[in-house]
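# A look at the structure
Next come the chains, spelled out residue by residue.
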4 protein chains.
Amino acid sequence: MRAHVSDPDRTQDKTAPPHARSNAAGPAHRQSLGRVLQSLIGPIDARRSHAIRDARRVVERCRALLSERGEVSGARLANDVTQAYQALETAAREAFFDDLAAEFSLDPADVGAAADAFRADPSEVSLVRLQNAVEPPRRELFRRINMAKGGTAALVDMRRRLLETLAAHPERAGVDADLQKLFRSWFNRGFLSLQRIEWRTSALVLERLIQYEAVHQIQGWRDLRRRLEADRRCYAFFHPALPDEPLIFIEVALTRRLPARVQPLLDPDSPVTDPESAECALFYSITNCQEGLRGVSFGNFLIKQVVEELGREFPHLRTFATLSPVPGFAAWLMNRNDTITLDRRSATLQSIVEALGLSQRHQPPIDSARQKQLTRLCARYLLHDKRGQHPSDAVARFHLANGACLERLNWMGDTSPSGLALSLGFTVNYVYRLPEVERNHEAYAKTGAVTASREIQRLGRVDLRTDAARPGQPPSSA
Amino acid sequence: MRAHVSDPDRTQDKTAPPHARSNAAGPAHRQSLGRVLQSLIGPIDARRSHAIRDARRVVERCRALLSERGEVSGARLANDVTQAYQALETAAREAFFDDLAAEFSLDPADVGAAADAFRADPSEVSLVRLQNAVEPPRRELFRRINMAKGGTAALVDMRRRLLETLAAHPERAGVDADLQKLFRSWFNRGFLSLQRIEWRTSALVLERLIQYEAVHQIQGWRDLRRRLEADRRCYAFFHPALPDEPLIFIEVALTRRLPARVQPLLDPDSPVTDPESAECALFYSITNCQEGLRGVSFGNFLIKQVVEELGREFPHLRTFATLSPVPGFAAWLMNRNDTITLDRRSATLQSIVEALGLSQRHQPPIDSARQKQLTRLCARYLLHDKRGQHPSDAVARFHLANGACLERLNWMGDTSPSGLALSLGFTVNYVYRLPEVERNHEAYAKTGAVTASREIQRLGRVDLRTDAARPGQPPSSA
Amino acid sequence: MRAHVSDPDRTQDKTAPPHARSNAAGPAHRQSLGRVLQSLIGPIDARRSHAIRDARRVVERCRALLSERGEVSGARLANDVTQAYQALETAAREAFFDDLAAEFSLDPADVGAAADAFRADPSEVSLVRLQNAVEPPRRELFRRINMAKGGTAALVDMRRRLLETLAAHPERAGVDADLQKLFRSWFNRGFLSLQRIEWRTSALVLERLIQYEAVHQIQGWRDLRRRLEADRRCYAFFHPALPDEPLIFIEVALTRRLPARVQPLLDPDSPVTDPESAECALFYSITNCQEGLRGVSFGNFLIKQVVEELGREFPHLRTFATLSPVPGFAAWLMNRNDTITLDRRSATLQSIVEALGLSQRHQPPIDSARQKQLTRLCARYLLHDKRGQHPSDAVARFHLANGACLERLNWMGDTSPSGLALSLGFTVNYVYRLPEVERNHEAYAKTGAVTASREIQRLGRVDLRTDAARPGQPPSSA
Amino acid sequence: MRAHVSDPDRTQDKTAPPHARSNAAGPAHRQSLGRVLQSLIGPIDARRSHAIRDARRVVERCRALLSERGEVSGARLANDVTQAYQALETAAREAFFDDLAAEFSLDPADVGAAADAFRADPSEVSLVRLQNAVEPPRRELFRRINMAKGGTAALVDMRRRLLETLAAHPERAGVDADLQKLFRSWFNRGFLSLQRIEWRTSALVLERLIQYEAVHQIQGWRDLRRRLEADRRCYAFFHPALPDEPLIFIEVALTRRLPARVQPLLDPDSPVTDPESAECALFYSITNCQEGLRGVSFGNFLIKQVVEELGREFPHLRTFATLSPVPGFAAWLMNRNDTITLDRRSATLQSIVEALGLSQRHQPPIDSARQKQLTRLCARYLLHDKRGQHPSDAVARFHLANGACLERLNWMGDTSPSGLALSLGFTVNYVYRLPEVERNHEAYAKTGAVTASREIQRLGRVDLRTDAARPGQPPSSA
C-alpha cells in the first residue's frame with residue numbers, strides 16, 4: 001500500500017511545505033504584467049502576445065473580484081474569473097501564474113512596518129494588524145474565487161497545474177503555499193464524508209477510480225467489478241463541494257488469513273468468498289486522487305475510520321493489515337554497490353536484481369540462500385536506513401507514522417514488473433492494532449522508533465558481514 | 001427587513017473585528033490554570049473548585065489533541081474534547097474560556113523574534129516563519145476539534161456562548177477573533193447551499209424558523225404554514241456540516257403591487273393568491289440564525305441569489321423590494337429633543353411619539369400636517385444622519401451597502417408595538433434592481449452616497465427651519 | 001389500540017365484501033344517463049341539470065379513455081378524466097356515481113352466454129372467455145384512470161366518497177367492489193414500504209398524523225413532538241404512488257414495565273426516558289388513514305414488521321403489547337339491562353355507568369367490590385360474547401385474529417370521556433409473542449379459540465350467579 | 001428501432017395471450033405430484049427423484065402460504081417460498097411448474113356450478129360467486145408470494161423461465177396467463193417512473209443496459225459512455241419494486257437533420273455535438289428488458305412521454321422520429337421466389353440478396369436501377385403485405401399502432417450483418433407528430449390504414465411488372 005506520489009510531504013502534515021523556502025518575496029516579484037509586456041514588445045511572436053492578452057483578461061477580472069465590486073457581485077465576478085481561467089491555453093496559463101505570483105503578493109515593506117509596530121507596542125490591535133499584513137491578498141482572492149459555481153474544483157485544478165510548474169518556477173512557491181493553506185482549512189476532516197464505493201455507485205465516480213488507482217492499476221470495468229464484490233470493500237472520502245470526486249480511496253480484501261502475495265488478490269477470476277468467514281481485512285491499495293490537494297493528508301484518517309467501520313460490520317475480524325510495496329529497496333540496494341557472498345561464491349547485487357527482473361515469475365532463479373540474504377537486507381533497509389530520524393522508505397514512513405507495526409516481509413509478494421523493479425518483488429504487511437496505534441505513533445514521532453515484529457527485528461539484526469564470513473552458519477537461522 | 005441583531009458588524013465583512021482591540025497579548029495572559037487555582041485555594045467554595053476541575057479536564061484533552069497524539073488519534077480525541085466541553089456547567093465553562101484565552105495564545109516574544117528575523121532577511125522562508133508565528137495555537141486546536149462528530153456545531157455553539165461573555169471579558173477577544181477567522185474560511189459562500197423551505201420540509205428545520213425568526217415572530221405552526229403557501233417563498237442557506245440548521249433565511253411574498261404595510265402580509269387568514277399573477281417579490285423578513293457566526297455575512301449573497309431564483313421561476317416579476325423597519329428613527333427623534341411646530345401650535349416630539357404609541361392603530365390621532373412633517377424627518381434621518389460616512393440606521397446600512405435603492409416611505413406601515421416604538425410605525429421599501437446594484441454599491445462604499453428615489457430625495461431636502469420657523473436651528477444638527 | 005373505524009371488515013381480508021350482495025346486475029342498471037335526463041326534463045331545476053351535464057362530461061371522457069383512443073393517448077385522456085372528476089360538485093358527483101354503476105357494468109346476457117359456452121366445452125379458451133366476461137368494463141376504466149398523474153390518489157378519493165353514499169345507494173356496491181378488487185391488487189404488501197416517522201420527517205406527513213389519528217387525538221404540534229421523542233416510535237406504511245400519504249401508522253412507547261393506563265403515556269410533559277433501558281414496546285395506537293382503502297388490510301403486517309424492527313434495534317425488549325380499549329363493553333352491559341347486587345345492595349348497571357361517567361377521574365365512587373364485579377363482567381364480555389364464532393368486540397377480534405394473547409385487564413386504564421363512555425374506563429393489554437402468534441391465529445381462525453392469560457381466564461370463569469346470588473340468571477345470557 | 005423480440009404480442013395489449021388457447025383445463029391437469037411420483041417410481045433415476053423432492057418442498061410451502069397460516073405469517077412464509085424456489089435446479093423447477101399447473105388450478109366443476117347458479121339467478125351475489133370461481137387459487141398464491149422481500153423480482157423471473165418452457169408444455173399456459181394478468185395490474189403505467197439514464201447513473205443499472213440492449217448491441221463501457229454524452233439521451237421506465245431493473249429503455253440521438261444511417265450514429269468516436277442546435281430527436285433503439293413481463297406493453301407510453309420531455313427541454317426540436325429496421329423484408333422477398341428483370345437482364349432475388357450480403361459495405365455491387373427496384377419492393381412490403389388487416393412487419397406494426405407515420409426509406413441505412421440479412425440494409429424513419437398520432441392510431445386500429453408520406457405512397461403504388469416492361473420510364477422518377 002502506497003500513496004501514489006512518493007513525495008513524503010504528501011502525507012505528512014507536519015513538514016513545512018518545501019516549496020516555500022526560496023527567497024521569493026523580493027522586489028523582482030513586483031514585475032507587473034505590464035512591464036513584462038514592455039520588455040517583450042520587440043521579439044515576441046503573435047502567439048505569446050495572445051497568451052499574455054488572455055492572461056491579462058483573467059487578471060483584470062481577479063482585480064475586479066478583489067475590489068469593492070467584488071463585495072456585492074462576488075458570485076458573478078467569481079464565475080467570470082473561473083470561466084476565463086479555464087479557457088486559458090498553456091502559454092496563457094503560464095503568464096497568469098506569473099502574474100498571480102507577482103501582483104497579488106505581500107508588500108514586504110508593509111510587513112516590516114507592521115512588525116515594527118508590534119515590536120514597539122505588542123498589543124492585540126497591533127497583533128491583528130500584523131496578522132493581516134502577513135496574509136497576501138491572493139488568499140482573499142482565492143476565497144472569493146471559491147464563491148463561483150464549481151469554484152472549489154477550479155482552485156484544486158489550478159494548484160494541480162501550478163505544482164507541475166513549480167520545479168521550473170520556484171518563485172511561484174508563494175502561490176502554492178496560499179492555496180495549500182486554504183485547502184488545509186477547507187478540507188478539514190470534519191467536512192469530509194466517508195462513503196462506501198459499490199457497484200451500485202455512479203459510473204461517474206467509478207470511472208474516477210479506474211483513472212486514479214496508481215498502486216495496482218485497474219484493468220477496466222471487469223477488474224473494477226471484481227474489486228467491489230462481496231469479499232471486497234472500497235471506501236472513499238468526499239468533500240461536499242466536489243460531490244463526484246473522491247479525494248482518496250482505499251481498497252480492502254476480506255480474507256481468511258493474512259495474504260502475502262498481491263497477484264492472487266488482483267485476479268479478476270478469483271472466486272468470491274463469504275465475507276462473514278473472514279478474519280483479516282487487508283488494505284491492499286490506498287490512492288490519493290487529487291494532485292491539487294498535495295500536502296493535505298487524508299490517509300491516516302481514512303485507514304482508522306475504515307478499521308472502525310469494518311470492525312462494526314464484521315465483528316469476527318481480527319487482523320487489519322496492509323499489503324504494501326517497499327518502493328525504495330531496489331534503488332537502495334543498487335546504490336550500496338557492494339557484493340553478497342554466499343556459498344563461497346560472490347555476486348554483485350546488480351546481477352541479482354537483473355536476475356530477478358528477467359526471471360520467470362514463478363520460478364525465480366534465486367537460490368534459497370540468496371533469498372534469505374535479500375530478506376535480511378530488506379529488513380535492514382526498512383529498519384535502519386533513515387532520512388533524518390525516520391525510515392527513508394516513503395511507504396514505511398506513512399504507515400509507521402500512522403502507528404502501524406512492521407509485521408512481515410513476503411518474498412515474491414509482488415511479481416509485477418514494477419513490483420520487481422522497485423521492491424525486488426517484496427511485499428510488507430503493516431498491521432494496525434488500534435489499541436497500540438497511539439503508542440507506536442508517539443514513539444515514532446518523538447524518537448523515530450520503528451515498531452516491528454520480533455521476526456523482522458531478528459532479520460534486521462544479523463550482521464551481513466559476519467554472516468557472509470562465517471561458513472558454518474546454519475541456513476535455518478535466517 | 002432587518003438583520004435581527006442590530007450590530008452592524010454582523011453583516012459587514014470589511015470592518016476589523018471590534019473585539020480584537022484591547023491589549024490582551026501581555027504576560028498577564030500567561031497566567032496558567034494552575035496558578036489561578038493556587039491563588040484561589042483559600043477562599044473558594046466547593047462549587048468553584050468543582051468548576052475549575054471540570055474545565056481543567058477539558059483543557060487537558062485539548063492539550064492532548066494538540067499534541068503528537070492528536071496527529072494519529074485526532075478524531076477520537078476531538079470527540080473527547082467536544083463531549084467534555086458540552087457537559088460543562090456555566091461556571092466551568094467560564095473557567096474554560098479563561099484558559100482558552102490564556103493558555104493557547106501567542107507568545108509575543110516569538111512573534112517579535114520572527115518579526116525581527118523577517119526585518120533582517122525578508123525572504124519567503126522568514127515570511128513563512130512569521131506567518132506561523134502570528135497564528136495562535138488556538139486556531140490549530142479549533143481545527144482539530146472540528147474533526148469530531150458534530151465538531152462544527154460544537155464550535156459555533158462555543159462562540160455563541162463566548163460572545164455573551166465578551167463585554168464582561170474583553171481579554172477573551174482573541175479567542176473570538178480566532179473562531180471568527182476560521183468560520184469566515186469554512187462558511188465561504190462556495191460551500192453553502194441555497195434550499196427552498198416548504199411545508200414539505202423536515203419539521204426539525206421548520207421548528208428552527210419558528211424559533212429564530214426575530215423580525216416578525218412566527219405565531220406557531222398555523223402562522224408558519226401560511227408563510228409557506230403558494231404565494232409565499234422561503235429560502236435558506238445551509239452548510240453541509242450543519243444539515244439541520246439554517247444559517248440565514250429570507251421570507252418572500254409574491255404580490256401584485258408593492259406593499260406598504262406589514263400587518264396584512266402577516267395575517268394567517270389572508271387569502272392565498274395566484275403566484276403566476278404576481279409582479280412584485282417582497283422580502284419582508286431576513287433572519288440570521290446562528291449567533292455563533294456573527295460577523296460572517298450571508299445576507300448579501302442570499303438576497304441576490306433569491307432574486308435570480310425567483311426571476312427564473314416567475315419571469316413576470318418586475319419589482320424586487322423589501323418591506324423594512326427604520327429601527328433607529330424613534331430614538332434619533334427623541335434625542336433631538338426639539339419641538340415641531342405646526343399650525344402655529346408647537347408639540348414636543350416626545351408627545352407625538354407617545355401619542356403614536358398609545359393610539360388605536362387604525363385611527364392615529366396624528367393630523368395630516370404632522371404626518372407630513374414626520375415623513376420628512378424620517379427621510380432626513382435616513383439620508384443625512386450618519387455614523388462615519390454611512391447612514392446611522394443599521395437596516396439602511398445593510399441594504400444600501402448591498403446596492404439597493406431607498407424607494408418609498410410608508411406611514412403607519414408597521415403598527416405592531418415594536419414597529420411603533422422603534423420606527424414610529426414607518427416602513428421603507430428598499431428596491432433591488434440588479435443592473436444598478438453594483439453601481440449603487442460602489443458609490444455607497446466609496447463616498448457614502450445613498451441611492452434614493454426622487455420622492456425621498458425631495459422629502460429629505462426640505463429645510464426644517466422653513467417649516468418650523470425656528471431661525472436658531474443649526475443645519476449641521478440634522 | 002383500535003382501528004379507528006369499528007367496522008371489522010376494515011381489517012379482515014377474509015370476509016367477502018358485504019356491499020356486493022344486493023342484486024344490482026338487473027336491467028334497471030342499464031338506464032343510461034341519457035334516459036335519466038329525458039325522464040327528468042320536466043321538473044328538474046337548473047341546478048340538477050347543471051350537475052347532470054357536468055357528470056355527463058366526465059362520463060364522455062371515461063368512454064374516450066376506454067375506446068381505441070385510450071390505447072394511444074391513455075395518459076392524456078386519463079388526466080382529463082381525473083381533472084373533470086375532481087371539479088365535480090356534490091350533486092354532479094352523485095350523478096356520476098349513478099352512471100358509473102349503470103353504464104360500465106357487466107351485461108348479464110354476455111356472462112350467461114360465456115357460462116353456457118364453458119358448460120358445453122370446459123376448455124381453457126372458453127374459460128378465458130368466461131373470465132373476461134365476468135369482469136366489468138369499469139375495472140379496465142379504473143386501470144386506465146390510474147395512468148393519470150395523481151391517478152391512484154384520485155381513485156382512492158373516489159372510493160372514499162362512494163363509500164359515504166353506499167348505505168343510501170346499495171346499487172353502487174358493484175362500483176365499490178371493483179375498486180376494492182383493484183386496490184387489493186395494487187396495495188399488495190410487497191409494494192408497501194415501512195418508514196419510521198420522526199420529528200425530522202416532512203411537516204406535510206406529520207400534519208397527516210395529526211389529522212388522521214383517531215384513537216388518541218393529537219393535540220397539536222407539541223403533543224405530536226412528544227410522541228416522536230427518543231422513548232417513542234412511530235412507523236407507517238407508504239405506497240410509492242402516494243408518497244406523502246401514510247396508509248396506516250402505529251405509535252409505540254418504549255417503557256420499563258407494561259403500562260396499564262393511557263393518560264400518563266399521552267402527557268406531553270412526561271419526562272423522556274432512555275430507550276435503551278426499556279423492556280416493553282407498547283403499541284398504544286394504530287390508525288388506518290385512508291378511508292378509501294377500507295377492506296385492504298395493513299394492520300396485521302404493520303404490527304409484525306414493527307415488532308421485528310424494534311427487536312433488532314433494542315435487543316433488550318421482552319414484551320410487545322398493546323394498550324387497547326374495549327369499545328363494545330359499555331353498550332353490551334347496558335343492553336343486558338339487569339342489575340348487579342353487591343353487599344346485599346342492588347344497583348342497576350345504568351347507574352354504575354353513570355356514576356363512572358360523572359366521577360372524578362382519580363377517585364371513582366365505585367367501591368372495590370363493584371370494581372371486581374365489573375372486571376369479571378369485562379372478562380366475560382371479551383371471552384364469551386360472540387358474533388358468529390368470534391368475539392363481538394371489534395378490537396379483540398383484530399388482535400386475536402393476528403395471534404395476540406388477551407393478557408391483562410386494567411381498571412380505570414383510560415379515563416378520557418370516550419374511554420369511560422365506551423369501555424367503562426377499562427383498557428386491555430394484548431401481548432404479541434412472535435413464536436406463539438401463528439398457533440394462536442390458527443386456533444382462533446379454525447375454532448374461534450381465544451388465547452388469554454390464566455388470570456383473565458379465571459376472571460371470566462366465575463359464575464355471576466354465585467357472586468350475585470341470583471338463581472334465576474340463565475347462563476346462556478352472558 | 002425494434003422491440004427486441006419479434007413476437008408482436010409483446011407490444012400489443014389487445015391480442016388475447018396466444019398461450020391460453022389450448023384446452024388445458026381438463027382432468028389430466030389434476031395429476032398431482034403424488035401420482036406423478038408413483039407412476040415414476042420404477043425407472044426414475046436418483047436425480048429426478050431428488051428434483052421432485054425439491055419441488056415438493058416448494059409446493060408444500062406454497063400450500064402453507066395459501067392456508068390460514070399464510071394470513072398471519074404471510075411475509076415469512078412468502079420468503080420461505082421464494083428462497084426455496086430460487087434454489088431449485090432445472091429439473092426441479094420443471095417439476096414445480098408441472099405442479100403449479102396442476103395443483104393450484106381451477107376446478108371446472110366449481111366453475112360450472114357457479115355458472116349454473118348465475119344462470120338461474122343473475123343477481124350480484126351469484127355474480128360475485130362466479131367471479132371468485134373463475135379465478136384460480138394460483139393468483140392468490142402469487143399475490144402472497146409477492147409479499148416476500150424480492151417477491152416481485154422472483155415472480156418476474158419465474159415467468160421468464162416458464163415462458164421458455166411453454167412451447168414444449170402448452171398445459172402450463174394457464175400459469176402464464178395468471179402471472180400476466182397480475183403483472184398487467186401491478187405494472188400499470190401509473191406506477192412506473194420515467195428516469196433519465198446518465199453516466200452518473202449507478203453502474204448496476206448501466207450494466208443492465210449493456211446486457212439487455214438487443215437492437216444495436218453495446219460494445220462495452222466505452223460505447224455506452226458515448227451513448228450517454230450531451231447529444232444523446234437515454235430514458236427508462238422503472239417500477240418501485242424493481243429499483244435496479246429498467247423495464248424498457250429508449251436511446252435517443254439529438255441531431256441537426258433526420259439521419260438515414262445507423263452506423264455513423266453508433267460510432268463511439270463520433271464527435272459530440274451541441275444538443276441546443278439539434279432539430280431532430282431520433283429514437284434509434286428501444287429495448288424491452290424483462291422477458292418475464294412479455295405482453296405488458298410499455299413502449300407506447302415511453303415514446304410519448306419522452307417526446308414530451310424532450311420537447312420541454314429543447315424547444316427547438318421539430319422532428320421526432322425513429323431509425324428502424326424492416327426485419328421481415330428479406331424473408332418476404334425470398335419467399336416471393338420471382339425474378340426482377342432490369343435492363344433486359346433478369347436476376348433472381350436470391351442472387352441480389354446474396355450479392356448484398358457479400359458486398360463491401362461502402363460500395364455495394366448493386367446498380368442504381370436495382371436499388372430503385374428494391375426500394376419500391378420495400379415500400380410495397382411495408383404498405384401492402386398484411387397479416388390480417390395490419391402490416392406483417394413487426395416493427396411497422398408497433399410504430400403504426402402507436403400513431404407514427406411511415407416517412408422515409410433509406411437505402412443502405414444499416415450495413416451491419418444483421419441489417420443486411422434481415423432488412424437488406426434498409427432503414428425506415430417513422431415520424432411521431434403528436435397532433436396526428438391519435439388520428440393515425442384510430443384509422444390504423446379500425447381499418448388498418450397505414451399513414452405514410454407521399455413519397456412512400458408513390459413508391460408503393462408503382463406496378464413492378466409495368467415498370468419493368470416499360471422501357472421509356474425515366475430513372476429519375478423512382
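Residues numbered from 1 in each chain as written. Chains lettered and ligands numbered in written order. Predicted model: local features only at pLDDT ≥ 70, side-chain atom pairs only at ≥ 80, totals over all residues. Heavy atoms only, no water.

### Section: the overall build of chain A
- Looking only at helices and strands, chain A has 22 helices and eleven strands in total.
- Sequence-distant contacts in chain A: of pairs separated by 6 or more residues, those separated by 24 or more amount to 74%.
- Approximately 20000 Å² of chain A is accessible, and the part contributed by carbon and sulfur atoms is 50%. (Helix = DSSP H or I, 4+ residues; strand = E, 2+ residues; numbered from the N terminus. Contact = heavy atoms within 4.5 Å. Areas by Shrake-Rupley, 256 points an atom, 1.4 Å probe, with all protein chains shown as cover.)

### Side note on the domain arrangement of chain A
All names here are of chain A.
- If you check the domain split of chain A, you get domain 1 (48-186), domain 2 (190-322) and domain 3 (329-461).
- For domain 1 and domain 2, the distance between their C-alpha centres works out to 36 Å.
- Every contact between the two is made by eleven residues of domain 1 and, on the other side, eleven residues of domain 2.
- Buried area between domain 1 and domain 2, both sides added, is near 900 Å², and the carbon and sulfur share of it is 64%.
- The largest per-residue losses of area from domain 1 upon contact with domain 2 belong to Val156, Leu163 and Trp186, which jointly make up 41% of the total buried on that side.
- Scanning the region where domain 1 abuts domain 2 turns up zero salt bridges.
- Across the domain 1-domain 2 interface, the total number found is five residue pairs in polar contact (both at pLDDT 80 or more).
- Every element with two or more residues in the side of domain 1 that touches domain 2 is listed here: α9 (151-166) and α10 (173-186).
- Ranked by residues supplied to the side of domain 1 that touches domain 2, first place goes to α9 with six residues.
- Among the residues making up the side of domain 1 that touches domain 2, the classes are represented as five nonpolar, three polar and three charged. (Domains from an automatic or database assignment. Buried area = accessible area lost by both parts, 1.4 Å probe. Salt bridge = Lys/Arg side-chain N within 4 Å of Asp/Glu carboxyl O. Polar contact = N/O pair within 3.5 Å; in protein donor to acceptor, adjacent residues only side chain to side chain. Nonpolar A, V, L, I, M, F, W, Y, C, P; charged D, E, K, R; others polar.)

### Comments concerning the environment of Asp244 of chain C
- Summarising the element assignment, Asp244 of chain C is placed in the loop between β2 (232-238) and β3 (248-255).
- A sequence separation of 137 residues divides Asp244 of chain C from Asp107 of chain C, and the C-alpha atoms of the two residues are 39 Å apart.
- Contacts of Asp244 of chain C, omitting those with residues within four sequence positions, involve Arg200 of chain B together with Leu204, Val205, Arg208 and Phe238 of chain C.
- Among the polar contacts made by the side chain of Asp244 of chain C, one reaches the side chain of Arg200 of chain B at a distance of 2.7 Å.

### What about the interface of chain A and chain B?
- The interface is formed by 61 residues belonging to chain A together with 60 residues belonging to chain B.
- Each partner contributes to the roughly 5200 Å² buried at the junction of chain A and chain B, and carbon and sulfur atoms together form 60% of this total.
- Among the ionic pairs, Lys181 of chain B bridges to Glu135 of chain A, the shortest N-O distance being 3.1 Å.
- The interface formed by chain A and chain B contains 15 residue pairs in polar contact (both at pLDDT 80 or more).
- Taken together, the elements giving at least two residues each to the side of chain A that touches chain B come down to α3 (68-72), α6 (108-120), α7 (124-133), α8 (137-145), α10, α14 (299-313) and α20 (434-447) of chain A.
- Among the elements that take part in the side of chain A that touches chain B, α6 of chain A stands out by supplying eight residues, more than any other.

### Things to note about the relation of the copies chain A and chain B
- Its rotation angle being 180°, the transformation that places chain A on chain B also includes 0.0 Å of axial translation and leaves an RMSD of 0.1 Å. Given the turn and translation reported, the copies of this chain are related as if by a two-fold rotation axis. Rotation axis and chain A: the residue whose C-alpha lies nearest the axis is Ala115 of chain A, separated from it by 2.5 Å. (Least-squares fit on C-alpha atoms with pLDDT ≥ 70 in both.)

### Details of helix α2 (residues 46-66) of chain A
- With 21 residues, α2 of chain A extends 30 Å between its outermost C-alpha atoms, agreeing within 8% with the 30 Å of an ideal straight helix rising 1.5 Å per residue.
- All of the buried residues along α2 of chain A are Ala51, Ile52, Asp54, Ala55, Val58, Val59, Cys62, Ala64 and Leu65 of chain A. (Expected span 1.5 Å × (residues − 1). Buried < 20%, exposed > 50% of the residue type's maximum accessible area, 1.4 Å probe, protein only.)

### A look at the packing of helix α2 (residues 46-66) of chain D against helix α4 (residues 90-103) of chain D
Residue and element names in this part refer to chain D.
- Contact geometry for α2 and α4: axes closest at 8 Å, N-to-C directions at 45°. Between α2 and α4, the crossing angle belongs to the class labelled oblique. At the point where α2 passes α4, the crossing takes the right-handed sense. Contacts between α2 and α4 involve Arg48, Ala51, Ile52, Asp54, Ala55, Val58, Val59, Cys62 and Arg63 on the former and, on the latter, Ala91, Ala92, Ala95, Phe96, Asp99 and Glu103.
- Classifying every residue of the contact of α2 with α4 gives ten nonpolar, no polar and five charged. (Axes fitted to C-alpha atoms, helices over the stretch in contact; angles between N-to-C directions. Parallel < 35°, antiparallel > 145°, perpendicular 65-115°, else oblique. Left-handed = near helix turned anticlockwise from the far one by under 90°.)

### Comments concerning the packing of aromatic side chains
All names here are of chain A.
- Counted under the stated rule, the structure contains 50 aromatic pairs over all chains.
- A centroid spacing of 5.1 Å and a plane angle of 40° characterise the contact between Trp332 and Tyr381, whose relative ring orientation is tilted. Remark: Tyr381 occurs in helix α17 (residues 368-384) and Trp332 occurs in helix α15 (residues 329-336); sequence separation between them is 49 residues.
- Its relative accessible area of 3% is what places Tyr381 among the buried residues.
- Each member of the aromatic cluster is reached from another via a ring pair, and the members are Phe329, Trp332, Tyr381, Trp411 and Phe426. (Phe/Tyr/Trp six-rings, centres within 6.5 Å; stacked < 30°, edge-to-face > 60°.)

### Considering the interface of chain D and chain C
- Taken residue by residue, the interface counts 61 residues in chain D and 60 residues in chain C.
- Note on chain D versus chain C: buried area summed over both sides is about 5100 Å², and carbon and sulfur give 60% of it.
- Joining chain D to chain C, the criterion identifies 15 residue pairs in polar contact (both at pLDDT 80 or more).
- Counting residues per element, the ones that place at least two in the side of chain D that touches chain C are α3 (68-86), α5 (108-120), α6 (124-133), α7 (137-145), α9 (173-186), α13 (299-313) and α19 (434-447) of chain D.
- A per-element tally of the side of chain D that touches chain C places α5 of chain D first, with eight residues.
- Across the side of chain D that touches chain C, the residue classes tally to 27 nonpolar, 16 polar and 18 charged.

### Digging into the relation of the copies chain D and chain C
- Turning chain D through 180° and shifting it by 0.0 Å along the axis lays it on chain C, with an RMSD of 0.1 Å.
- Comparing contact sets, 98% of the residues at the interface of chain D also lie at the interface in chain C, consistent with an isologous, same-surface contact.

### Some remarks on the side chain of Ser392 of chain D
- Tracing the sequence through the fold places Ser392 of chain D in the loop between β9 (390-391) and α17 (394-401).
- At 2.5 Å, the side chain of Ser392 of chain D and the side chain of Asp385 of chain D are in polar contact.

### Concerning the pattern of salt bridges
- Inspection of every chain in the model, using the stated rule, returns 140 salt bridges over all chains.
- As a salt-bridge pair, Arg138 of chain C and Asp178 of chain C come within 2.8 Å of each other at their nearest N and O atoms. Separated by 40 residues along the polypeptide, Arg138 of chain C in helix α8 (residues 137-145) and Asp178 of chain C in helix α10 (residues 173-186) bring together distant segments of the chain. Neither Arg138 of chain C nor Asp178 of chain C differs from the other in exposure class; each is buried.
- Arg227 of chain C is the partner of Asp223 of chain C in a salt bridge, and the nearest nitrogen-oxygen pair spans 3.1 Å. This pair shows no difference in class: Asp223 of chain C is buried, exactly as Arg227 of chain C is.
- In the salt-bridge network here, residues are joined through shared partners; they are Glu135, Arg138, Arg139, Glu140, Arg143, Arg144 and Asp178 of chain A together with Lys181 of chain B.

### Some thoughts on helix α5 (residues 90-103) of chain A
- Here α5 of chain A contains 14 residues, and its C-alpha end-to-end distance of 20 Å stays within 8% of the 20 Å for a straight helix at 1.5 Å per residue.
- Inspection of α5 of chain A places Ala92, Arg93, Ala95, Phe96, Phe97, Asp99, Leu100, Ala101 and Ala102 of chain A among the buried residues, and these make up the whole buried set.

### Digging into the environment of Arg458 of chain A
Residue and element names in this part refer to chain A.
- Note on placement: Arg458 falls in helix α21 (residues 454-461).
- Given the relative accessible area of 27%, Arg458 is considered partly exposed.
- Taking the C-alpha atoms as reference, Arg458 lies 44 Å from Phe191; in sequence the two are 267 residues apart.

### Some words on the packing of helix α15 (residues 329-336) of chain B against helix α17 (residues 368-384) of chain B
Residues and elements named next belong to chain B.
- In contact at an axis separation of 11 Å, α15 and α17 are set at 100° when each is read in the N-to-C sense. Our classification of the angle between α15 and α17 gives roughly perpendicular. Within the contact between the two elements, α15 uses Phe329, Trp332, Leu333 and Arg336 and α17 uses Leu374, Leu377, Cys378 and Tyr381.
- Here the contact of α15 with α17 is built from residues that sort into seven nonpolar, no polar and one charged.

### Observations regarding unusual backbone geometry
Residues and elements named next belong to chain B.
- With phi around 50°, Leu424 is a residue other than glycine that occupies positive phi space.
- Turning to its location among the elements, Leu424 is positioned in the loop between α19 (417-423) and β11 (427-431).
- The class of Leu424 is buried, set by a relative accessible area of 0%.

### Considerations on the environment of Val215 of chain B
Residue and element names in this part refer to chain B.
- Take Val215: it is sitting in the loop between α11 (203-212) and α12 (220-226).
- When its relative accessible area of 11% is taken as the criterion, Val215 is described as buried.
- Along the backbone, Val215 and Ser324 are 109 residues apart, and their C-alpha atoms lie at a distance of 9.4 Å.

### A word on the pairing of β3 of chain C
Residues and elements named next belong to chain C.
- Among the eight residues in β3, eight count as buried, and that is most of the element.
- Here β2 runs beside β3; their pairing, made up of six bridges, is antiparallel. Residue pairing for β3: Cys234 is matched across the bridge by Glu251.
- Bridge count for β3 against strand β4 (residues 280-288) is eight bridges, and the pairing is antiparallel. Across the sheet, residue Ala253 finds its bridge partner in β4, namely Leu282. (Pairing = 2+ DSSP bridges.)

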